[in-house]
Amino acid sequence: MLRFDIITIFPDFFDGAFDHGIIRRARAAGLVKIEAYDLRGWTSDKHHTVDDRPFGGGDGMVLKPEPIFAAVENLTGAGARDLYPKTTRVVLLSPQGRVFTQALAEELARAEQVVLICGRYEGVDERVAEALVTDEVSIGDYILSGGEPAAVVVVDAVVRLVPGALGSETSAVNESFSEGLLDCPHYTRPLEFRGMRVPEVLLSGHHALIARWRREEALRKTRRNRPDLLEKVSLDERERDWLNEEREF
Ligand code: ADE
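Residues numbered from 1 in each chain as written. Predicted model: local features only at pLDDT ≥ 70, side-chain atom pairs only at ≥ 80, totals over all residues. Heavy atoms only, no water.

1. Some thoughts on the overall build of the protein chain
Inference 1: Along the backbone of the protein chain there are eight helices and ten strands.
Inference 2: Whereas a compact globule of 249 residues would reach a radius of gyration of roughly 18 Å, the protein chain reaches 22 Å, over 25% beyond that.
Inference 3: Judged by the C-alpha coordinates and their principal axes, the protein chain covers about 70 × 45 × 40 Å.
Inference 4: Residue burial in the protein chain is summarised as follows: out of 249 residues, 41% are buried.
Inference 5: Considering only contacts in the protein chain between residues 6 or more positions apart, those separated by 24 or more positions represent 72%.
Inference 6: Side-chain charges in the protein chain split into 32 positive and 42 negative, and the spacing between the mean points of these groups amounts to 4 Å. (Helix = DSSP H or I, 4+ residues; strand = E, 2+ residues; numbered from the N terminus. Rg over C-alpha atoms; globule rule 2.2 N^0.38 Å. Buried < 20%, exposed > 50% of the residue type's maximum accessible area, 1.4 Å probe, protein only. Contact = heavy atoms within 4.5 Å. Lys, Arg positive; Asp, Glu negative; His and termini not counted. Charge placed at Lys NZ, Arg CZ, Asp CG, Glu CD.)

2. Structural notes on the pairing of strand β5 (residues 88–99)
Inference 1: Judged from the six bridges that link them, β5 and strand β6 (residues 113–118) form a sheet pairing that is parallel. Bridge pairing in β6 links T88 to Q113.
Inference 2: Handedness of the β-α-β unit built from β5, helix α3 (residues 102–109) and β6 comes out right-handed.
Inference 3: Here five bridges tie β5 to strand β8 (residues 135–138), and the two strands are oriented parallel to one another. When the bridges of β8 are listed, V99 appears paired with S138. (Pairing = 2+ DSSP bridges. Right-handed = clockwise from strand over helix to strand, strands pointing away.)

3. Let's talk about the packing of aromatic side chains
Inference 1: The tally for this structure, following the rule as stated, stands at three aromatic pairs.
Inference 2: Consider the rings of F13 and F14, whose centres lie 5.2 Å apart with planes at 75°: the pair is edge-to-face.
Inference 3: We classify F13 as partly exposed; its relative accessible area is 41%.
Inference 4: The rings of F13, F14 and F18 are connected pair by pair, giving a single aromatic cluster. (Phe/Tyr/Trp six-rings, centres within 6.5 Å; stacked < 30°, edge-to-face > 60°.)

4. Examining the packing of α3 against helix α5 (residues 148–159)
Inference 1: Put simply, α3 and α5 touch, their axes get as near as 8 Å, and they point 70° apart. Here α3 is positioned roughly perpendicular relative to α5, judged by the angle of their axes. Across the interface between the two elements, A105, L108 and A109 from α3 touch V154, A157 and V158 from α5.
Inference 2: Each residue belonging to the contact of α3 with α5 can be placed in one class, and the counts come to six nonpolar, no polar and no charged. (Axes fitted to C-alpha atoms, helices over the stretch in contact; angles between N-to-C directions. Parallel < 35°, antiparallel > 145°, perpendicular 65-115°, else oblique. Nonpolar A, V, L, I, M, F, W, Y, C, P; charged D, E, K, R; others polar.)

5. Side note on the pattern of salt bridges
Inference 1: Following the criterion strictly, the structure yields 16 salt bridges and no others.
Inference 2: The residue D125 makes a salt bridge to R127 at a minimum N-O spacing of 2.8 Å.
Inference 3: Owing to a relative accessible area of 45%, R127 belongs among the partly exposed residues under this scheme.
Inference 4: As a salt-bridge pair, R215 and E179 come within 3.8 Å of each other at their nearest N and O atoms. (Salt bridge = Lys/Arg side-chain N within 4 Å of Asp/Glu carboxyl O.)

6. Things to note about the nonpolar core
Inference 1: Counting 32 residues, the largest nonpolar core has F4, I6, F100, L116 and V158 as the members making the most contacts within it.
Inference 2: With seven residues, α5 is the single largest residue contributor to this core.
Inference 3: With residues up to four places along the chain from it excluded, the contact list for F4 reads V32, K33, I34, E35, V114, L116, V155, V158 and V159.
Inference 4: Within the second largest apolar cluster, 22 residues are counted, among which are L39, W42, A71 and V115. (Core = buried A, V, L, I, M, F, W, Y, C linked by side-chain atoms within 4.5 Å.)

7. Describing the sheet that holds strand β3 (residues 51–52)
Inference 1: The strand order across the open sheet built from three strands is β3-β4-β7, with neighbouring strands paired in mixed fashion. Sheet topology places β3 and β7 (123–124) at the edges, where each strand pairs with a single neighbour.
Inference 2: Pairing between β3 and strand β4 (residues 62–63): two bridges, direction antiparallel. Pairing of D51 across the sheet is with L63, part of β4.

The structure is reproduced here in structure tokens:
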């Protein structure tokens, strides 16, 4: 059982967020448990203060360390990175993190506990990153108003990799990124729609030809939309030739 504990000042943000499709099924099957906690529950002052002005001046507010340390200590049983169980990851969602990838999702899917700290305001007191966090993670090079949408993204990407979460065990191996390429195009009925026909090869019943077409279309789409991915993937000679010939068009 993989457990996600989300620390946030907006626990209501997650109402219903994990009640659909694969995540809902994985929860119902007892494969994962997902809980969002109000950071204010770990404050000890009358006003339940979670933030304060930045030392050194400047705009905005910074999330205070004390409630976050108390929360992580409470949820993990330890108040320092080196003392967690080996299967515990404490993730800080922030635009300063390393970019979230399928590889990191696969790693997190092997954990037993993933604590997600949602940053807010102008930031989070850096001592949280220094002492508590095992992974500071960004979901991409853009600024969200808080880590909450990023936490939903991380939970979604990880849960579907937990063994048993997907209906068919093969569907996680065949998709974008698992081989370093984008996925190939897919078609369903009708055969012709607004003058656009499904590629003939897909109707041929010739499995080897279909497999080759899918691989080439995946290469074509990757070259168009994510040429950066092509440099990291190993292609055989025929595929390299095919890409080079294609380039002339
Ligand atoms: N918080 C604000 N922007 C973010 C991002 N891009 N990824 C993760 N957390 C964030």
